[in-house]
Amino acid sequence: MNMDVKSVGVIGAGQMGNGIAHVMALADYDVLLNDVSQEALDSAIVTIEANLARQASRGKISDEAMQAALKRITTTLSLPDLGQTDLVIEAATEREAIKQAIFEDLQPHLLPHTILTSNTSSISITRLASRTDRPERFMGFHFMNPVPVMQLVELIRGIATDEATYNSCKAVVDRLGKTAASAEDFPAFIVNRILMPMINEAVYTLYEGVGNVQSIDQSMKLGANHPMGPLELADFIGLDTCLAIMNVLHDGLADTKYRPCPLLTKYVEAGWLGRKTERGFYDYRGEVPVPTR
């Protein structure tokens, strides 16, 4: 039987987690947002309030809908609290060991019917599910960034995911007013299987001196009609996330065409991760972003 989801637990209050909480609350779900840091939770609520207010000021939602959505979101530092929700969406950092540890810690507290999902952008759903007591009620629920703006959600079935779980998650996507794309459980799924090698190739183009940061981004914006250049987009996503996904592709598919560019690795090792650290392929510490190469 398909399950009627009424409450949603979101693990991780960062950029993806607070965006997921935002759209879920707007769609009338009761949302419980979890993080290991009270500071992160407080920051997430401030961000959600600001983003909802922006939507209201542009006439996309009413003031009443904004206030109602905010009332539907509660926060907790206690991971076991999320076990009482119908649907759990893990949106922690893109490291498999961390995600596995979260699911193992949460598992004893889950209701029998709770569906577990991961917002992973690249990691095997089948492998994550195998470490839980409910692989048939486990799947990938991959939102695009920024969540309130982007229309697509990738739904990824593991080898054991049952049809009722898929249909329940598809119904949630429909209620959000977003579009679901069904992807098979292969490294990086659909979007990042295509997008990340393009970004990696842009970094190689920079690494090999074919063009500088500005010329590479301008070429793709003006020559291919992309809204953002690939290096600008990498900074927006986070260079650590880009590197993690390329490593998953390289390890999972054993093809040298997915080898991460050494320059991408160097930036990550330097802690230059993009917008979130104020330096990546651009330096964001001034009034206007300036290329770092």
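Above this text sits the structure in question.
Throughout, residues of each chain are indexed from 1 in the direction in which the sequence is written. Local features in this predicted model are restricted to residues of pLDDT 70 or higher, and side-chain atom pairs are both shown and tallied only at a pLDDT of 80 or more, whereas totals for entire chains, interfaces and linings draw on every residue. Here the side-chain values reflect all heavy atoms present in the structure, with hydrogen atoms and water set aside.

Asks: Tell me about the overall build of the chain, and name the residues and values.
Replies: Each helix and strand in the chain was counted, giving eleven helices and ten strands. Taking 293 residues into account, the globule formula puts the C-alpha radius of gyration at 19 Å, and the chain, at 19 Å, falls close to it. When the backbone C-alpha atoms are referred to their principal axes, the chain occupies close to 55 × 45 × 35 Å. Taking all contacts inside the chain whose residues are at least 6 apart in sequence as the whole, residues at least 24 apart take part in 66%. For the chain, the accessible area works out to roughly 13,600 Å², and carbon and sulfur atoms hold 52% of it. Counted charges follow a simple rule, with Lys and Arg positive, Asp and Glu negative, and His plus the chain ends left uncounted. Lys charges are placed at NZ, Arg charges at CZ, Asp charges at CG and Glu charges at CD. Of the charged side chains in the chain, 26 are positive and 36 negative; the average position of the first set lies 3 Å away from that of the second. Secondary structure counts use DSSP, requiring at least four H or I residues in a row for a helix and at least two E residues in a row for a strand, with both numbered from the N terminus. The atom set for the radius of gyration is the C-alpha atoms, and the globule formula is 2.2 Å times the number of residues raised to the power 0.38. Note on contacts: a residue pair qualifies if any of its non-hydrogen atoms lie within 4.5 Å across the two residues. Each accessible area is a Shrake-Rupley estimate made with a 1.4 Å probe; only the visible protein chains count as cover when residues are assessed.

Asks: Hey, could you go over the environment of Tyr207 for me, with residue numbers and the actual values?
Replies: Note that Tyr207 resides in helix H7 (residues 191–207). Here's how the labels work: a residue is buried when its accessible area is under 20% of the maximum for its type, exposed when over 50%, partly exposed in between, all with a 1.4 Å probe on protein chains only. Exposure remark for Tyr207: the relative accessible area of 43% places this residue in the partly exposed category. Note: C-alpha distance between Tyr207 and Ala44 (163 residues apart in sequence) is 36 Å. Beyond its immediate stretch of four places on either side in the chain, Tyr207 contacts Cys261, Pro262 and Leu263.

Asks: Before we move on, can you summarise the environment of Ser78 with the specific residues and values?
Replies: Relative to the helices and strands, Ser78 resides in the loop between strand E3 (73–76) and strand E4 (87–90). Take Ser78: its relative accessible area is 28%, and that puts it in the partly exposed class. For the pair Ser78 and Leu106, spaced 28 residues apart in sequence, the C-alpha separation works out to 9.9 Å.

Asks: I'd love a proper account of the layout of surface pockets, names of residues and values included.
Replies: If you add up the space inside the largest pocket, you get close to 1,200 Å³. Site definitions follow a grid-based scheme: protein atoms alone, a 1 Å grid, a 1.4 Å probe that fits but cannot get out for cavities, and for pockets an open set with protein on both sides within 12 Å along at least five of seven lines, plus lining residues having an atom within 4 Å of a point. Along the wall of the largest pocket there are 39 residues; nearest its centre are Gln15, Met16, Asn145, Ile237 and Thr241. When contributions to the lining of the largest pocket are tallied by element, the ones reaching two or more residues are helix H1 (15–26), strand E6 (138–143), H7, helix H9 (230–237) and helix H10 (239–253). For the lining of the largest pocket, the element with the highest residue contribution is H7, accounting for five residues. Its residues placed into classes, the lining of the largest pocket shows 19 nonpolar, 13 polar and seven charged. Computed from the structure, the second largest pocket encloses a volume of approximately 460 Å³. Taken together, 22 residues line the second largest pocket, and the ones lying closest to its centre are Thr47, Asn51, Arg54, Pro146 and Pro148. Among the elements of the structure, H1 and helix H2 (38–57) are those that each provide at least two residues to the lining of the second largest pocket. With seven residues, H2 is the single largest residue contributor to the lining of the second largest pocket. Grid points are joined across faces, edges and corners, and a volume is the space filled by probe spheres set on the points. Residue polarity is assigned by list, with Asp, Glu, Lys and Arg as charged and Ala, Val, Leu, Ile, Met, Phe, Trp, Tyr, Cys and Pro as nonpolar; anything else, Gly included, falls into the polar class.

Asks: Just give me the short version of the packing of aromatic side chains, but keep the residues and values in it.
Replies: Here a ring pair, both rings aromatic, is described through the centre-centre distance and the interplanar angle of the planes. Stacked, edge-to-face and tilted are the three classes for Phe, Tyr and Trp ring pairs, Trp counted by its six-membered ring, which pair at centre distances within 6.5 Å; planes under 30 degrees apart are stacked, over 60 edge-to-face, the rest tilted. Applying the stated criterion across every chain yields a total of six aromatic pairs. For the ring pair Tyr282 and Tyr284, a centre distance of 6.3 Å and an interplane angle of 50° mean the geometry is tilted. A single burial state applies to Tyr282 and to Tyr284, both of which are buried. Two conditions define a charge located above a ring, namely a distance within 6 Å from the ring centre to NZ of Lys or CZ of Arg, and an angle within 35 degrees of the ring normal. One Lys or Arg, Arg157, reaches over the ring of Tyr166 and ends 3.9 Å from the middle of that ring. In this arrangement the basic side chain of Arg175 is found over the ring face of Tyr29, its NZ or CZ atom lying 3.8 Å from the centre.

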